[in-house]
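Each chain, written out:
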Amino acid sequence: MTSVSEIIEQRNWQVVEAPFNAGKLSHLETIFTIGNGFLGLRGTFEEGYPGEMVSTLAHGIFNHAEGELVPDLVNLPNPLAVKITVNGVEFSMERGKGQMLGYRRVLDLRTACLTREVIWHNGVDAIVKLRFERFASLKNPHLVAQRISVRALLGTPIIRFNSRVDGTQNNEGVHHWEEMQTGGEGDMIFLNRVTTQSRYRIAVASLHQFNPMLKAELTLTAGQPSLAYQTSLAVDSEVALIKWSAIHTNRDSDDPLHAAQMTLKAAQQQGYESSYQAHVEEWATYWHDSDIQIEGDETAQRAVRFCTYHLLIAAPRDDDRVSIGAKTLSGPGYKGHVFWDTELFMVPMLTLTQPKIARNLLMYRYHNLEGARHKAQKSGFAGAMFPWESTDTGEETTPQWTHPLPDGTRIRIWTGDNEQHISTDIAYAVMQYWHWTGDDEFFLKYGAEIVLDTAVFWGSRVEYNADQGRYELTNQIGPDEYHENVNNSVFTNRMTQWHLQTAITVHDWLLREHPTAGAELIERLGINTQQLTRWRDIIARIYLPKDPQTGLLEQFEGFFKLDRIDISHWQPRVANLDAVLGHERTQEVMVIKQADIVMLMALLGDQFGSRAEQEHHWTFYYPLVDHGSSLSPSIHAWIAARLDHMADAYKLFHYAANIDLEDLKGNIRDGIHAAAAGGVWQALVFGFAGLNLDEMGNLRLMPKLPSHWRSVRFRVWCKGQQRQIVIGDETSTNP
């Protein structure tokens with residue numbers, strides 16, 4: 001008999017839909033996404049429904065279609081499609097098409113397996129129980145497995161399966177493919193295609209096992225090869241279809257179709273149960289390192305695991321030339337582009353729990369340094385200036401204009417031009433990785449170059465104001481994107497100061513610890529005594545706007561002169577205030593999109609100022625934030641915990657952790673809010689647990705748990721050693 005504790009433990013690992021909710025189709029498609037770090041498949045149904053958004057995405061496959069503003073992460077052919085008929089009646093959960101007598105869908109976060117069970121009356125003469133299983137193998141990232149079984153509960157029905165590889169998919173009306181080959185033989189069907197501009201070649205192939213063994217009916221409709229199997233069932237007997245699908249591209253193989261066929265044959269030889277067990281064992285190692293156990297809060301426990309799961313299924317395990325887009329591989333939002341979200345919100349969790357993956361993500365930036373240098377040169381600067389939005393090439397891919405609005409007007413998008421703090425965000429992530437891992441080999445060969453060449457950019461970008469005798473940065477966009485093209489963003493200026501200080505430290509470390517390699521790199525980047533002198537002068541004299549009477553840092557010049565409105569009067573609300581007030585009016589009001597000064601407090605910690613100074617800035621800025629970005633609540637939760645505002649900390653943490661589970665932003669159809677997921681981990685580990693490294697590089701804990709939490713347990717890697725952190729009656733950090 002299952003105990004109560006076992007039931008609760010199982011529930012803490014499951015996301016459940018029961019009964020079926022047709023009104024939440026797009027929401028549940030996103031949260032039921034499965035993946036393995038190479039590909040992601042939205043949780044659409046095998047049989048297909050009107051209004052669904054079928055999506056199969058693989059890292060790195062971008063294409064810039066003719067007439068489009070920027071490249072898309074391309075929607076691949078759908079390998080999951082299977083239609084089932086029962087005595088000639090097509091299975092459907094829509095009203096008026098048979099009768100659904102029972103329904104339950106479960107995403108098991110522990111095993112990354114999605115299952116669905118349906119009891120269905122065909123409306124004529126049979127009742128069947130259908131069970132659907134699917135997983136994207138973590139053992140072999142090119143493999144997707146499905147098992148679909150049908151059991152006759154009433155009647156002796158004829159069951160027919162029609163399985164397809166569906167190549168009709170596109171990116172919300174944008175077509176990226178040229179047809180190459182539709183084929184099939186025996187129990188295998190496949191599509192072989194190439195993208196129109198980037199010329200990526202891809203093969204999607206499916207191999208079937210049917211019990212009992214029957215000859216399949218092959219149909220080769222262009223772009224939709226299919227196989228059909230048919231059999232009859234006695235009462236209480238069952239039939240099962242196993243569908244293996246493989247996806248390969250010319251990023252991993254010179255002959256993607258041959259590679260896909262070999263993957264399928266190997267899977268068939270291994271068998272479904274063995275393949276599933278290997279997949280589960282891989283996930284067990286993932287969870288051993290990345291799980292956080294919360295005692296005393298079942299809602300938080302499940303939500304944190306949900307957030308961790310979605311980062312892990314998007315994290316590239318074996319590829320250091322791709323990164324995680326803002327919406328992971330779960331939807332079309334932001335066209336799969338990579339932002340600062342990755343380095344400041346996702347990489348920290350991976351640095352501490354999956355350092356090899358964190359290194360992959362940082363190597364993506366290293367491999368794309370040439371794109372950053374090209375952007376700097378094009379803008380009239382030296383060094384490396386990373387793009388605000390990035391794809392496979394490393395070039396800037398932020399659109400300059402929106403698509404036409406209903407009235408025909410378009411809004412200029414300035415982030416690609418002026419949200420330049422991303423170069424320092426990346427350098428910060430590199431330094432954080434190095435400090436936690438002690439990976440000198442990475443830092444010497446790759447990381448130091450990123451930190452130094454982005455510092456070269458800032459040295460050329462900073463402007464000297466001779467009248468004021470200070471250095472400034474004009475036309476910037478800080479994290480608060482409600483206010484564009486501002487002068488002297490405190491976040492940007494202070495982090496530039498940090499960046500140049502750090503670069504000088506790195507410069508000195510290289511010459512001291514690795515004089516030959518260090519001198520070669522420094523010479524190659526053109527860093528000389530004159531530049532170092534300029535950096536030191538910038539550090540000493542960069543302008544940080546501050547009110548002399550209150551001692552408050554001014555978010556940017558003129559911020560304190562904006563109109564102040566009471567945000568609390570605008571609740572409850574889902575839409576962001578900039579959408580409510582309009583673009584122009586938002587520029588005039590003292591409303592902040594997301595953590596800006598508070599983000600600076602999070603990144604700098606005690607370097608920001610004393611506890612009293614941090615409290616002073618929190619008291620002023622927290623009431624002004626709209627949380628218009630999903631990135632915001634988790635960072636505020638982190639700082640609220642640091643400052644002992646525990647009610648606010650928990651409220652913000654709870655909101656961030658459930659932002660996708662409950663669709664709190666109303667836009668979950670576009671994909672998972674990946675930065676929010678990573679921010680939840682930071683709010684818990686850096687905020688509630690108070691984990692950080694002291695000046696000597698030793699672990700330090702200053703826990704402040706919510707009052708109803710009895711304990712928290714997690715593991716982190718520090719300097720090559722895994723440490724278990726236990727916070728409760730007896731707080732400890734055990735090797």
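Note: the structure precedes this text.
Please read these numbers as outputs of a predicted model, since none were measured by experiment.

J.: So what exactly am I meant to see when it comes to the overall build of the chain here?
T.: Within the chain, the secondary structure is distributed over 21 helices and 27 strands. In summary, the chain has a C-alpha radius of gyration of 27 Å against a globular reference of 27 Å for 735 residues, a match within 12%. Its C-alpha atoms put the chain at 90 × 60 × 55 Å along the principal axes. Taking all 735 residues of the chain together, 59% fall into the buried category.

J.: What am I meant to see in helix α18 (residues 611-621) here?
T.: Listed in full, the buried residues belonging to α18 are Gln 614, His 617, Trp 618, Phe 620 and Tyr 621. Along its buried surface, α18 packs onto α17 (597-604), α19 (632-642) and α20 (646-657).

J.: Would you take a moment to explain the nonpolar core for this structure?
T.: Across soluble globular proteins, nonpolar side chains show a tendency to be buried alongside one another. Ranked by size, the top nonpolar core spans 200 residues in total, and within it Ile 84, Phe 161, Phe 653 and Phe 714 carry the most contacts. Top element by residues in this core is helix α11 (residues 440-461). It accounts for 11 residues. Beyond its immediate sequence surroundings of up to four residues, Phe 161 is in contact with Val 82, Lys 83, Ile 84, Ile 148, Val 150, Phe 210, Leu 227, Ala 228, Tyr 229, Val 239 and Leu 241. Core analysis: the second largest hydrophobic core is formed by 16 residues, Leu 143, Ala 203, Ile 242 and Leu 264 among them.

J.: Would you explain the pattern of salt bridges in this entry?
T.: Opposite charge on two side chains permits them to pair, given that their charged atoms come into close proximity. One pass over the structure, following the stated rule, counts 48 salt bridges. A salt bridge links Glu 9 to Arg 110, with the nearest nitrogen and oxygen atoms 3.9 Å apart. Highlighted residues: Glu 9 in helix α1 (residues 4-11) and Arg 110 in the loop between β9 (99-108) and β10 (113-121), separated in sequence by 101 residues. Where Arg 147 meets Glu 133, a salt bridge forms, and the shortest distance between an N and an O atom there is 3.3 Å. Linking Arg 147 in strand β12 (residues 143-154) with Glu 133 in strand β11 (residues 127-136), this pair joins segments that are 14 residues apart in sequence.

J.: Just checking my understanding: could you explain the environment of Tyr 446 for this structure?
T.: Along the chain, Tyr 446 falls in helix α11. Taking the C-alpha atoms as reference points, Tyr 446 and Met 363, separated by 83 residues in sequence, lie 7.5 Å from one another. Sequence-distant contacts of Tyr 446, defined by excluding residues within four places in its chain, comprise Arg 359, Met 363 and Tyr 366.

J.: Help me out: how do you make sense of the sheet that holds strand β14 (residues 177-185) in this one?
T.: Sheets are built from strands that pair by backbone hydrogen bonding, the pairs being arranged parallel or antiparallel. Judged by pairing direction, the sheet is antiparallel, and its 9 strands sit side by side in the order β1-β9-β10-β11-β12-β19-β16-β15-β14 without closing on themselves. In this open sheet, the two strands that pair with only one neighbour each are β1 (14-17) and β14. Across the sheet, the mean angle from the axis of one strand to that of its neighbour is 15 degrees, orientation sign disregarded. Of the pairings in the sheet, the one linking β1 to β9 comprises 4 bridges and is antiparallel in character.

J.: Which parts of the structure should I look at to understand the side chain of Ser 92?
T.: Take Ser 92: it is sitting in the loop between β8 (89-90) and β9. In this structure the side chain of Ser 92 is engaged in a polar contact, spanning 3.1 Å, whose partner is the backbone nitrogen of Glu 94. Residues contacting Ser 92, with those up to four places away along its chain left out, are Tyr 49, Lys 97 and Trp 120.

J.: Got a minute to help me understand the packing of helix α10 (residues 422-437) against α11 in this structure?
T.: A pair of packed helices is captured by two measures, namely the crossing angle of their axes and the spacing between those axes. As a packed pair, α10 and α11 sit with axes 9 Å apart at the nearest point and diverge in direction by 155 degrees. When the axis of α10 is compared with that of α11, the two are roughly antiparallel. For the pair α10 and α11, the sense of crossing is left-handed. Contacts between α10 and α11 involve Ser 423, Thr 424, Ile 426, Ala 427, Val 430, Met 431, Tyr 433 and Trp 434 from the former and Asp 440, Phe 442, Phe 443, Gly 447, Ile 450, Val 451, Thr 454, Phe 457 and Trp 458 from the latter.

J.: Please explain helix α12 (residues 490-513) as it appears in this structure.
T.: Along an α-helix, residues three or four apart share an orientation, since each turn contains 3.6 residues. For α12, spanning 24 residues, the distance from its first C-alpha to its last is 34 Å, which sits close to the expected 34 Å at 1.5 Å a residue. In terms of burial, α12 is largely enclosed, as 18 of its 24 residues are buried.

J.: Please clarify how the pairing of strand β17 (residues 217-221) should be interpreted in this entry.
T.: The side chains of a regular strand alternate between the sheet's two faces. Note: β17 against strand β18 (residues 224-232), 5 bridges, orientation antiparallel. Residue Leu 218 lies in a different strand from β18, and its bridge partner there is Leu 227.

J.: Sorry if this is basic, but what is going on with the packing of aromatic side chains here?
T.: For any pair of aromatic rings, geometry is given as the distance between the ring centres together with the angle between the planes. Overall, the coordinates contain 41 aromatic pairs when judged by the stated rule. Judged by centre distance (5.0 Å) and plane angle (20 degrees), the rings of Phe 210 and Tyr 229 are stacked. On the criterion of sequence distance, the pair formed by Phe 210 in strand β16 (residues 201-211) and Tyr 229 in strand β18 is long-range, its members being 19 residues apart. Like Phe 210, the residue Tyr 229 is buried in the burial classification. Pairwise contacts between aromatic rings join Trp 13, Trp 283, Tyr 286, Trp 287 and Tyr 309 into one cluster.

J.: Looking at this structure, how should I read the packing of helix α5 (residues 298-312) against α20?
T.: Their axes nearest at 9 Å, the elements α5 and α20 cross at an angle of 50 degrees. On the basis of their axis angle, the class for α5 and α20 is oblique. For the crossing formed where α5 meets α20, the hand is left-handed. Contacts between α5 and α20 pair Thr 299, Ala 300, Ala 303, Val 304 and Cys 307 from the former with Phe 653, His 654 and Ala 657 from the latter. Split by residue class, the contact of α5 with α20 holds 6 nonpolar, 2 polar and no charged.

J.: Could you clarify how one ought to interpret the sheet that holds β18 in this entry?
T.: Within the open sheet, the 5 strands sit side by side as β8-β7-β13-β18-β17. Their pairing is antiparallel. Sheet topology places β8 and β17 at the edges, where each strand pairs with a single neighbour. Where strand β7 (residues 82-86) lies against β8, 2 bridges are found, and the strand directions are antiparallel. Bridge pairing in β8 places Thr 85 opposite Glu 90.

J.: Could you clarify how one ought to interpret the environment of Leu 143 in this entry?
T.: Secondary-structure assignment places Leu 143 in strand β12. With 63 residues separating them in the primary sequence, Leu 143 and Ser 206 have C-alpha atoms 9.7 Å apart. Setting aside anything within four residues of it in sequence, one finds Leu 143 in contact with Asn 36, Phe 135, Ala 136, Ser 137, Trp 244, Ser 245, Thr 263, Leu 264 and Ala 267.

J.: Explain unusual backbone geometry to me, please; I cannot follow it from the model alone.
T.: Excluding glycine, residues mostly have negative phi values, and the peptide bonds linking residues are mostly trans. Residue Pro 19 follows Ala 18 across a cis peptide bond; omega there is 0 degrees. Looking at the secondary structure, you find Pro 19 in the loop between β1 and α2 (25-31). Residue Pro 572 is bonded to the preceding Gln 571 through a cis peptide linkage, with omega at 0 degrees. In this structure, Pro 572 sits in the loop between α14 (529-541) and α15 (577-581). Phi is positive for Asn 475, close to 50 degrees, though the residue is something other than glycine.

Quick notes on the rules
- Residues numbered from 1 in each chain as written.
- Predicted model: local features only at pLDDT ≥ 70, side-chain atom pairs only at ≥ 80, totals over all residues.
- Heavy atoms only, no water.
- Helix = DSSP H or I, 4+ residues; strand = E, 2+ residues; numbered from the N terminus.
- Rg over C-alpha atoms; globule rule 2.2 N^0.38 Å.
- Buried < 20%, exposed > 50% of the residue type's maximum accessible area, 1.4 Å probe, protein only.
- Contact = heavy atoms within 4.5 Å.
- Core = buried A, V, L, I, M, F, W, Y, C linked by side-chain atoms within 4.5 Å.
- Salt bridge = Lys/Arg side-chain N within 4 Å of Asp/Glu carboxyl O.
- Pairing = 2+ DSSP bridges.
- Axes fitted to C-alpha atoms, helices over the stretch in contact; angles between N-to-C directions.
- Polar contact = N/O pair within 3.5 Å; in protein donor to acceptor, adjacent residues only side chain to side chain.
- Parallel < 35°, antiparallel > 145°, perpendicular 65-115°, else oblique.
- Left-handed = near helix turned anticlockwise from the far one by under 90°.
- Expected span 1.5 Å × (residues − 1).
- Phe/Tyr/Trp six-rings, centres within 6.5 Å; stacked < 30°, edge-to-face > 60°.
- Nonpolar A, V, L, I, M, F, W, Y, C, P; charged D, E, K, R; others polar.

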